[in-house]
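The lines below spell out each chain.
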Amino acid sequence: MSAITYREALNQALCEEITLDDRVVLMGEEVAQFKGSYKVSEGMLEQFGAERVIDTPISEAAFSGLAVGAAMMGMRPVVEFMFWSFCYVAFDQIFNNAASVRYMSGGLINVPVVFRGPANGGTNVGATHSHTPENFAANTPGLKVVCPATPADAKGLLKSAIRDNDPVCIMENTILYNMEGEVPDNEDFLVPLGKANVLREGSDLSIIAHGKAVHTSLQVAQTLEEQYKVSAEVLDLRSIRPLDIEAILSSVKKTNRVLLVEENKPFCGVGAQVSFIIQDQAFDYLDAPIKRVSAIDAPQAYSKALESIQIPEHDRILAKAKELI
C-alpha cells in the first residue's frame, strides 16, 4: 500500500495496464507531450513512446471514432476527455456506435474502449464545461458507467474498465485529483464494476451517494453523529451502471430511512432511478419518504458564489437529513 493522489492512482493504473497488455493505448488532446491537461499521464510518453500515448487533434468526434474502430479491431484504447462536457460532439461515436455494436453484431464484435475524464462542476468554468452526464450515459444500453470517489477506486475501477469487453465511461472529478489515499501497489488490484462500497456503517439513516458527493456525505454523517447522536451509513455507489441493487436494498433494510445525494441534476437523475428501485423493492422497510439532494436544476453557474450553493454542500444535505430523523 502507498499513499498517493487520485491523479497518481489513475497514472499508476494506466502504466500497469499498458505494460501488461500491448493492446492498450492512451489517446486524447495533450495526453502525451503536455502530460495531460490534469497531468494524469505524467511521464507516460517518455516511458511508452508515441505509439502507446497518442496526442490527437482537437476533435472529440475524430479520436472517439478512431478509438471505437480500434476497439472493434482488437485494441483496448483509453480515451481522455479534457471535460466530459465535450463528449456531446462525439455523441454518435459513443452513444450510438460504441454502445450498440456488440448487440447489432449478435455478440460477434466487442468494443473494449474506455472513455475517461472529469465530469463535474465546482471549478467555476461555466455551464459548457461542467456537465455531470453519468445519468445520460447510464441511460444508454451497452455503456457501463463508474464514478470513482477515492484514489484506490480510481485505480481499481480504471484497471477493471480497461480489461472489460464493453465500453466503459469513467466520470472523474477534478477537485479529487489532489486527494491522497492508500492504494494497493499490486498490479492485479481490481475494483469490480457494479459493486458499491459501505464507507461508514450506520443504523439510523442511509446516505447513498457517488463521486465527490460521497465526501460531503461523510462530513454530514460525522456532524449527525457529533451533534445529534444519529448513526448515518454512507454507501458509495461507485458504479452507476451496472448498479449494485443488492447493496442499496441491504442498507435501506438496515436503517429504514434514505437520503440520496448527487452532484448530478435532479430531473431523470441517478437518484431518481435509485429511488424507484427502493420504493419498488423495499417499500415496506421505509419509515419515512425518500429524500434527495442534488445540484440545483439549472445550467451550471460561472459565479463562484452561485456555484458553491448550486452543488450539494454540507448544510443543505444536513438540513435534508434532519427532516428524515
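Parameters at a glance
Residues numbered from 1 in each chain as written. Predicted model: local features only at pLDDT ≥ 70, side-chain atom pairs only at ≥ 80, totals over all residues. Heavy atoms only, no water. Buried < 20%, exposed > 50% of the residue type's maximum accessible area, 1.4 Å probe, protein only. Helix = DSSP H or I, 4+ residues; strand = E, 2+ residues; numbered from the N terminus. Pairing = 2+ DSSP bridges. Domains from an automatic or database assignment. Contact = heavy atoms within 4.5 Å. Buried area = accessible area lost by both parts, 1.4 Å probe. Salt bridge = Lys/Arg side-chain N within 4 Å of Asp/Glu carboxyl O. Polar contact = N/O pair within 3.5 Å; in protein donor to acceptor, adjacent residues only side chain to side chain.

Attention shifts here to the pairing of strand β2 (residues 24-28). Across the 5 residues of β2, 5 count as buried, placing the element largely inside the fold. Here β2 shows two buried faces, one formed by V24, L26 and G28 and the other by V25 and M27. Summarising the sheet, β2 and strand β4 (residues 76-80) pair through 5 bridges and their orientation is parallel. From the neighbouring strand, V24 faces β4, where its bridge partner is R76.

Turning our eyes to something else, we now look at the domain arrangement of the protein. According to the domain assignment, the protein consists of domain 1 (2-183) and domain 2 (197-324). Relative to domain 2, the C-alpha centre of domain 1 lies at a distance of 26 Å. Opposite the 29 residues of domain 1 that make contact, domain 2 presents 25 residues. Across the domain 1 to domain 2 interface the summed buried area is about 2,000 Å²; carbon plus sulfur atoms make up 54%. Three residues, N124, N135 and C147, lead the burial of domain 1 against domain 2; their summed loss comes to 24% of the area buried on that side. At the junction of domain 1 with domain 2, the criterion picks out 1 salt bridge. Two residues, R238 and D153, come together in a salt bridge whose shortest N-O distance is 3.0 Å. At the boundary of domain 1 and domain 2, one finds 13 residue pairs in polar contact (both at pLDDT 80 or more).

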